[in-house]
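In case you want the letters, here they are:
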Amino acid sequence: MEDTLLASVEKNIQKYDPVWKFPEEKSEFKLSNLWESSGLYATALAEIGVGKSSTVGILLTNRHEYVTIILAVWRLGAVAVPLRPVMGLSEDYEQYLGRVEHSCAFATIICETADDKAMAAAWCTLTGKQAISLKDLQEHTGKPFLERVAVSPSEYAVIQYSSGSTGIPKGVIVTHQMVLNQVDVLGFEYTLASGIELKHCASWLPFNHDMGLFIGILLPLYKGVDNILVSPRWYMMNPLRWFKLLAEHKTGLNFTTNAAMAHTIKLLGHSTADTLDLSRLDLYFGAEKVTGIVLRRAIDLLSKHKLQSRHIHVGYGMAENALGATSTKRSDGATVLRVRVDESEKLSLSDESDKESLEIVSIGEPFKGTLLEVRSTAGEVLPDLALGEIFVKGPCLTSGYLKNPEATQKALKNGWLCTNDIGFTYDGELFFHSRKDDLIIIGGRNIVPDDIEQCIESLENVRSGCTVVLSLENAQTGVAELHALIETKPLESADAVARRKEIQDLIFRSFALLLTHVYFCGKGSIEKTSSGKKRRKVIKERLINNSLTLFK
């Protein structure tokens with residue numbers, strides 16, 4: 001039998017048959033039940049023409065059928081393409097599906113309900129093919145699918161579309177071998193950090209994002225462990241409910257993001273005096289830049305619930321590396337440095353008294369088998385405390401983007417991935433500074449918008465993830481100016497003036513920078529990708545075109 005994730009699933013059913021819980025649906029299933037259902041779905045998909053190497057779009061939210069559909073697609077030797085079930089206010093789903101169809105040529109798109117099929121209606125018209133709902137599939141189920149199609153490790157398993165936070169999403173090729181390599185190293189890194197074998201996972205991250213897919217579905221399938229899955233909405237509505245579940249089920253592994261944890265701190269910190277037993281948990285931050293203030297507050301809050309700081313990790317990865325590349329592993333927890341950047345992009349260690357210094361959190365050391373380098377624009381490997389582009393190489397690296405040789409050639413050079421991320425090394429660890437495309441240059445200084453945004457969001461009356469900082473050129477002077485947009489409820493004129501001054505004073509004290517314009521806008525104005533990254537380019541265009549709803 002070939003060495004694929006499905007072979008591991010079959011072994012794990014015989015060995016332990018773990019339980020997968022779906023609290024949002026108020027249901028739970030043995031892995032064998034999910035496997036049996038996937039056979040029925042595979043039969044139904046085969047009847048409508050899905051076969052080996054077919055691409056199947058999955059337009060579903062987090063629910064148990066997502067697991068069975070992934071398994072069904074792979075049992076047929078087909079390729080799974082996770083699709084975004086929700087789009088931003090200014091995004092056109094028809095255009096999105098059209099771009100993805102251009103490279104994927106779907107055999108079908110699987111939707112949650114008949115209503116969701118309307119989202120794919122333009123695709124149906126364009127291609128002459130049919131989208132199918134879960135109910136449609138269930139009506140087609142007949143005999144169990146007993147024989148699964150053999151695939152080689154080099155064949156495509158998933159086409160993972162990048163988040164598109166800085167441009168048009170590209171389809172990352174993920175092979176069956178990449179999947180195995182990544183889940184194997186994730187399990188290894190967990191054991192290395194925790195000192196024990198993984199026995200229970202849990203995730204609320206969206207399955208259409210690489211972190212949600214690997215952590216929520218693929219890793220627990222491979223390791224054969226119990227699992228808890230909910231949607232991002234279910235988690236964000238009540239983080240305390242989620243952490244109680246983690247404590248109750250002695251969960252060993254959970255992932256979060258900086259924005260989600262900032263939201264959690266504000267709610268969880270005020271909601272309970274009860275002590276939860278999170279002593280068995282290893283919590284990883286990923287998907288976006290982590291700030292020192294959120295990390296420290298998370299440590300302070302969660303330590304009251306028996307989660308030691310050494311079990312709170314920060315990681316770094318990208319879809320092109322089938323998810324993870326680094327994580328923090330040190331016994332004293334993630335390193336936090338304060339540095340000053342000079343005009344030649346060299347750094348020096350600093351302290352809080354230096355108002356122009358930056359606080360940067362370590363993203364750790366490379367995963368097993370992964371190589372990392374920080375290079376100059378000339379391609380030279382840089383020493384510690386020198387800013388440059390991060391390059392990644394290893395067994396989980398993609399061969400490229402589907403039907404996009406130009407983007408592939410630009411991103412992959414001599415077996416290395418040019419990440420387009422700026423960072424530096426220090427004392428054996430990697431530090432993430434910014435996305436190259438996100439840097440703002442004001443008065444000759446390189447400004448990282450994330451740092452200013454997270455400073456604003458430290459204020460009690462600003463919600464996490466609801467601030468974006470942009471640079472726009474003044475039409476009269478030609479000088480670049482900093483603009484901040486903050487989502488809030490409508491404000492009285494006097495309140496708005498007071499809050500603007502509070503924010504501008506804070507940023508001037510913290511960074512010696514002037515926020516020339518501070519806008520307050522309605523909920524949903526700050527659009528994000530499926531992983532929660534802010535779509536700065538789109539937001540900037542909407543601000544310039546006066547298509548944002550701004551409060552006076």
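Going by the structure above, here's the rest.
Owing to the predicted nature of the structure, the values given are computational and were not obtained by experimental measurement.

Cut-offs used in this document
Residues numbered from 1 in each chain as written. Predicted model: local features only at pLDDT ≥ 70, side-chain atom pairs only at ≥ 80, totals over all residues. Heavy atoms only, no water. Helix = DSSP H or I, 4+ residues; strand = E, 2+ residues; numbered from the N terminus. Buried < 20%, exposed > 50% of the residue type's maximum accessible area, 1.4 Å probe, protein only. Contact = heavy atoms within 4.5 Å. Expected span 1.5 Å × (residues − 1). Arc of directions from axis to C-beta. Phe/Tyr/Trp six-rings, centres within 6.5 Å; stacked < 30°, edge-to-face > 60°. Lys NZ or Arg CZ within 6 Å of the ring centre and 35° of its normal. Axes fitted to C-alpha atoms, helices over the stretch in contact; angles between N-to-C directions. Parallel < 35°, antiparallel > 145°, perpendicular 65-115°, else oblique. Nonpolar A, V, L, I, M, F, W, Y, C, P; charged D, E, K, R; others polar. Pairing = 2+ DSSP bridges.

Novice: So what's going on with the environment of His-140? Which residues, and what values?
Specialist: Topologically, His-140 is positioned in helix α7 (residues 134–140). Taking relative accessible area as the criterion, His-140 reaches 35% and is therefore assigned partly exposed. If near-sequence neighbours (up to four positions away) are discounted, His-140 is found in contact with Ala-44, Glu-47, Ile-48 and Ile-132.

Novice: Account for the side chain of Asn-258, naming residues and giving values.
Specialist: Position of Asn-258 among the secondary structure elements: in helix α12 (residues 258–271). With relative accessibility at 4%, the residue Asn-258 sits in the buried group.

Novice: Can you lay out helix α4 (residues 93–104) for me, pointing to particular residues and giving the numbers?
Specialist: Helix length check: α4, at 12 residues, gives a terminal C-alpha distance of 16 Å against a target of 16 Å (1.5 Å per residue), a fit within 8%. Taken together, the buried positions of α4 are occupied by Tyr-93, Tyr-96, Leu-97, Val-100, Glu-101, Ser-103 and Cys-104. Each buried residue of α4 lies within a common arc of 170° when the element is viewed along its axis, so the set occupies one face. Residues of α4 that are exposed and point more than 90 degrees away from the buried face comprise Glu-94, Gln-95 and His-102.

Novice: A description of unusual backbone geometry should follow, citing residues and the corresponding values.
Specialist: The phi dihedral of Ser-53 is positive, around 75°, even though this residue is not glycine. Take Ser-53: it is sitting in the loop between α2 (31–47) and β3 (55–59). Looking at Ser-53, the relative accessible area reads 48%, which means it is partly exposed. Unlike most non-glycine residues, Leu-323 shows phi in positive territory, near 105°. Relative to the helices and strands, Leu-323 resides in strand β14 (residues 323–327).

Novice: Residue-level account of the packing of aromatic side chains, with values.
Specialist: For the coordinates displayed, the defined rule picks out 8 aromatic pairs. Look at Phe-22 and Phe-29: their rings are 6.0 Å apart centre to centre, the planes differ by 65°, and that puts the pair in the edge-to-face class. Accessibility expressed as a relative area gives 2% for Phe-22, which makes it buried. Given a relative accessible area of 22%, Phe-29 falls into the partly exposed group. Judged by centre distance (5.0 Å) and plane angle (5°), the rings of Phe-424 and Phe-431 are stacked. Judged by its relative accessible area of 0%, Phe-424 is buried. Grouped by ring-pair contacts, the aromatic residues Trp-204, Tyr-235 and Trp-242 constitute a single cluster. Its guanidinium or amino end placed over the ring of Trp-234, Arg-241 lies 3.7 Å from that ring's centre, counting from NZ or CZ. Positioned above the aromatic ring of Phe-391, the side-chain terminus of Arg-375 is 4.1 Å from the ring centre.

Novice: Tell me about the packing of helix α1 (residues 5–15) against helix α9 (residues 210–223), residues and numbers included.
Specialist: Helices that pack against each other are described as a pair by the angle of their axes relative to one another and the distance between those axes. Where α1 meets α9, the closest approach of the two axes is 7 Å, and the angle between their N-to-C directions is 55°. By the angle between their axes, α1 is oblique relative to α9. The segment α1 lies against α9, with Leu-5, Ser-8, Val-9 and Asn-12 engaging Leu-218, Leu-221, Tyr-222 and Lys-223. Of the residues in the contact of α1 with α9, the class split is 5 nonpolar, 2 polar and 1 charged.

Novice: Break down the sheet that holds strand β28 (residues 550–551) for me, citing the residues and quoting the values.
Specialist: If you trace the 4 strands from one edge of the open sheet to the other, you get β25-β26-β27-β28, paired in mixed fashion. In this open sheet, the two strands that pair with only one neighbour each are β25 (467–473) and β28. In this structure, strand β26 (residues 480–487) lies alongside strand β27 (residues 515–521), joined through 6 bridges in parallel fashion. When the sheet's bridge partners are listed, Ile-486 is paired in β27 with Phe-520. Against the sheet, helix α16 (residues 493–511) engages β26, β27 and β28, with an angle of about 135° to β27.

Just distances and angles here, no functional claims.
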